[in-house]
Structures are given as structure tokens and as C-alpha cells.
Amino acid sequence: MKVFAHRGASGDYPENTMLAFSKALFIGVDGIELDVHKSKDGHLVVIHDEDVQRTFKGKGLIKDYTLEEIKSFMCRKFEFIENEDCKVPTLREVFDLIKSKDVILNIEAKTDLIHYDLEQDLLDLIKEYGIEDKIFMSSFNHKCLDILHSLDNSFKYGALYEYEKDYAPESNVVEHAKKLNTNIYSINLSQELVSKEIVDLAHENNIKVFVYTINKPTAMRKMIEFNVDGVFSDYPDLMNEIIKEY
């Protein structure tokens, strides 16, 4: 089972920051998951929300700010507010950090609410760094995955699915994923959607199953018992500890 640090070691450090990514590498993980948007002046930046206000001291949409303006926002977590590694990083900065490390980078293209036209930029940057073998891309916007796949079908692509009270994309997410135009490498499921039956069916169809966001020991043990291929956790050190128990 692969352990991905969800937005870095975000249980203890500000999410999607260089500090959180560095701490994840120090802990020892198989992969790091992060989210990518595009600034007003065309830079790929790493932040989860379209709006900056939840995680940084500012407000407004990422797409309306230049990189210089985005870099001026201070971390909202008070104890890290003066830490320069706790500002919004560029994807290029993250690539510089991980390019020589034995780690997978799961890049979630955050185009489900705002389509930034970032697909070609993303592929070009990966190829500039020559880290194609370290990259695994995913999105809730399956049309984004189709675009990425049409531009380069050599990468691994994961279709993200989220459980909602009165909605599921289809009762069987494996069958839904098989109908996508993209050659899907994995389904990335919220923990409410995963079951042993779904995992077994996915494996029968040569599709991997990664599950988010697994933070409690009981859920961690359940994922091991379900034989999922990997988990995204805010506490990757705890996940590693649980795996060692088995």
C-alpha cells in the first residue's frame, strides 16, 4: 500500500506549503498529493481552494491575482505566519524539491469549478524537469483528464470521485470510470464510497484504488483490510505506523 501525504504533512503543518511537503519527505512517504491552480499571469500555483481566504490572509480568486500578489499572502495559521516556507508555492518550487527524491507526486488539477486551461502548461513543466516517471495526475473534472490524455497518453491518470448525500456519479464507480475516454490508471475515492467489493472489482479491471482522506486508525486498518492500493492522509506518519503493525 502506498502512503500519500495529503497536501503534504497537513495534519501538523499548513497544507500545500513547502514546509508541509518537506516534512512529508522527512517522515518518509511513497507520495505527496497537492492541488494546482493557475494565476492571472499564467503561473501554476499550489493551493487547494479557488479562493485564498480559508488558508491565507487575503480574499478573492487565485485566477484574479498575479504570482507576486499571491506570494504576498501570509499563512492563516498564526504559529507559522512568519515562516517563508508557508506561503503559496509554485509547482516549479515543488518540482525543485522532489526532483531528486524517490517519491511520487500526485497532482490534482483543480479545474472542476474554474477551467484554467492549464493542461498543456502542466505537461510542459513536467517534461521540462524530466520527471515524467514521478508524476500521477488526477481531477474531479473528468473532461480535464480527457484533455490531458489527448495531449499525452503516456501518463498515469486518476479519476476522482466524491460521496455526496443524494448523489453518486453512478452506483458503480468502476463501471463509470471504464466509460471515460481517458485510459484510467486509478479511481481515487472518498472513504464513504469505498468497499471491499469495489476494490475487488477495480482490481479485476486492472484499475487501482486510492482512498482519501484517511486520518483515523480505524479507517487506516479498514483500508488495509480492503486491500486498497494507496491512501491519502493528513497524518502519513500515523499511517506508516499502522502499516507496520500488519
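Remember, predicted model here, so these are calculated numbers, not experimental data. (Residues numbered from 1 in each chain as written. Predicted model: local features only at pLDDT ≥ 70, side-chain atom pairs only at ≥ 80, totals over all residues. Heavy atoms only, no water.)

K.L.:
Just checking my understanding: could you explain the overall build of the chain for this structure?
P.N.:
A tally of regular secondary structure across the chain gives 9 helices and 9 strands. Relative to the compact-globule value of 18 Å for 246 residues, the chain shows a C-alpha radius of gyration of 17 Å, a close match. The 246 residues of the chain split such that 54% are buried. Counting contacts in the chain only where the partners sit at least 6 residues apart, residues at least 24 apart contribute 59% of the total. Counting only carbon and sulfur atoms, one obtains 46% of the accessible surface of the chain, whose full area is about 11,500 Å². (Helix = DSSP H or I, 4+ residues; strand = E, 2+ residues; numbered from the N terminus. Rg over C-alpha atoms; globule rule 2.2 N^0.38 Å. Buried < 20%, exposed > 50% of the residue type's maximum accessible area, 1.4 Å probe, protein only. Contact = heavy atoms within 4.5 Å. Areas by Shrake-Rupley, 256 points an atom, 1.4 Å probe, with all protein chains shown as cover.)

K.L.:
Before we go on, may I ask you to explain the packing of aromatic side chains in this structure?
P.N.:
To describe a pair of aromatic rings, one takes the distance between the centres and the angle between the planes. Per the counting criterion, the structure on display carries 12 aromatic pairs. Residues F4 and F136 carry aromatic rings whose centres are separated by 6.4 Å and whose planes lie at 55° to one another, so their mutual orientation is tilted. Of this pair, F4 sits in strand β1 (residues 2-6) while F136 sits in strand β5 (residues 135-139), placing them 132 residues apart in sequence. Considered together, F4 and F136 belong to a single accessibility category, that of buried residues. (Phe/Tyr/Trp six-rings, centres within 6.5 Å; stacked < 30°, edge-to-face > 60°.)

K.L.:
So what exactly am I meant to see when it comes to the pairing of β5 here?
P.N.:
Two faces make up the sheet, and in a regular strand the side chains alternate between them. Taking burial as the measure, the 5 residues of β5 include 5 buried ones, the bulk of the element. Of the two faces of β5, the one holding I135, M137 and S139 and the one holding F136 and S138 are both buried throughout. Note that strand β4 (residues 104-109) and β5 share 4 bridges and pair parallel. Across the sheet, I107 pairs through a bridge with M137, a residue of β5. The β-α-β motif built from β4, the intervening helix α4 (residues 119-129) and the parallel element β5 has right-handed crossover chirality. Pairing analysis gives 4 bridges linking β5 to strand β6 (residues 156-161), with the strands arranged parallel. Counted as the bridge partner of M137 is Y157 from β6. Crossover handedness for the path β5 to helix α5 (residues 142-151) to β6: right-handed. (Pairing = 2+ DSSP bridges. Right-handed = clockwise from strand over helix to strand, strands pointing away.)

K.L.:
Honestly, the environment of D35 in this entry has me stumped. Any pointers?
P.N.:
Tracing the backbone through its elements, the reader meets D35 in strand β2 (residues 31-38). Along the chain, D35 and H6 lie 29 residues apart, while their C-alpha atoms are 9.7 Å from each other. Residues in contact with D35, not counting those within four places in the same chain, are R7, N16, V45, V46, I47, H48, E108 and K110. Within the structure, the side chain of D35 is placed 3.0 Å from the side chain of N16, a separation counted as a polar contact. (Polar contact = N/O pair within 3.5 Å; in protein donor to acceptor, adjacent residues only side chain to side chain.)

K.L.:
I tried to follow the pattern of salt bridges on my own but got confused; where do I start?
P.N.:
Side chains bearing opposite charge may pair, as long as their charged atoms lie close to each other. This structure, assessed with the given rule, holds 15 salt bridges. One salt bridge connects R7 with D35, and the closest N-O pair in it is separated by 3.9 Å. Taken together, the positions of R7 in the loop between β1 and α1 (18-27) and D35 in strand β2 put the pair 28 residues apart, joining distant regions of the chain. Residue R7 is classed as buried on the basis of its relative accessible area of 14%. (Salt bridge = Lys/Arg side-chain N within 4 Å of Asp/Glu carboxyl O.)

K.L.:
Can you help me understand the nonpolar core in this one?
P.N.:
L91, F95, I107, M137 and I187 are the most contacted members of the largest nonpolar core, which has 64 residues in total. Residue contacts for L91: discarding those within four places in its chain leaves L34, V36, L44, V45, V46, I107, L122 and L125. Membership of the second largest hydrophobic core comes to 10 residues, among which are I47, F56, I70 and V88. (Core = buried A, V, L, I, M, F, W, Y, C linked by side-chain atoms within 4.5 Å.)

K.L.:
Help me understand the packing of helix α8 (residues 217-226) against helix α9 (residues 236-245) in this model?
P.N.:
Angle between the axes and distance between the axes are the two parameters that describe a pair of packed helices. In contact at an axis separation of 10 Å, α8 and α9 are set at 50° when each is read in the N-to-C sense. Taken together, the axis directions place α8 and α9 in an arrangement best described as oblique. Between α8 and α9 lies a crossing of right-handed hand. Contacts from P217, M220, R221 and I224 in α8 reach L238, M239, I242, I243 and E245 in α9. Partitioning the contact of α8 with α9 into residue classes produces 7 nonpolar, no polar and 2 charged. (Axes fitted to C-alpha atoms, helices over the stretch in contact; angles between N-to-C directions. Parallel < 35°, antiparallel > 145°, perpendicular 65-115°, else oblique. Left-handed = near helix turned anticlockwise from the far one by under 90°. Nonpolar A, V, L, I, M, F, W, Y, C, P; charged D, E, K, R; others polar.)

K.L.:
In this structure, what is going on with the side chain of S139? I would like to understand it.
P.N.:
Mapped onto the elements of the fold, S139 is located in strand β5. Overall, the relative accessible area of 0% leaves S139 in the buried class. One polar contact links the side chain of S139 to the main-chain amide nitrogen of N141, over a distance of 3.0 Å. Once residues within four sequence positions are removed from consideration, S139 is found in contact with E108, A109, T111, C144, L145, G158, A159 and L160.

By themselves, these observations are geometric and do not establish any function.
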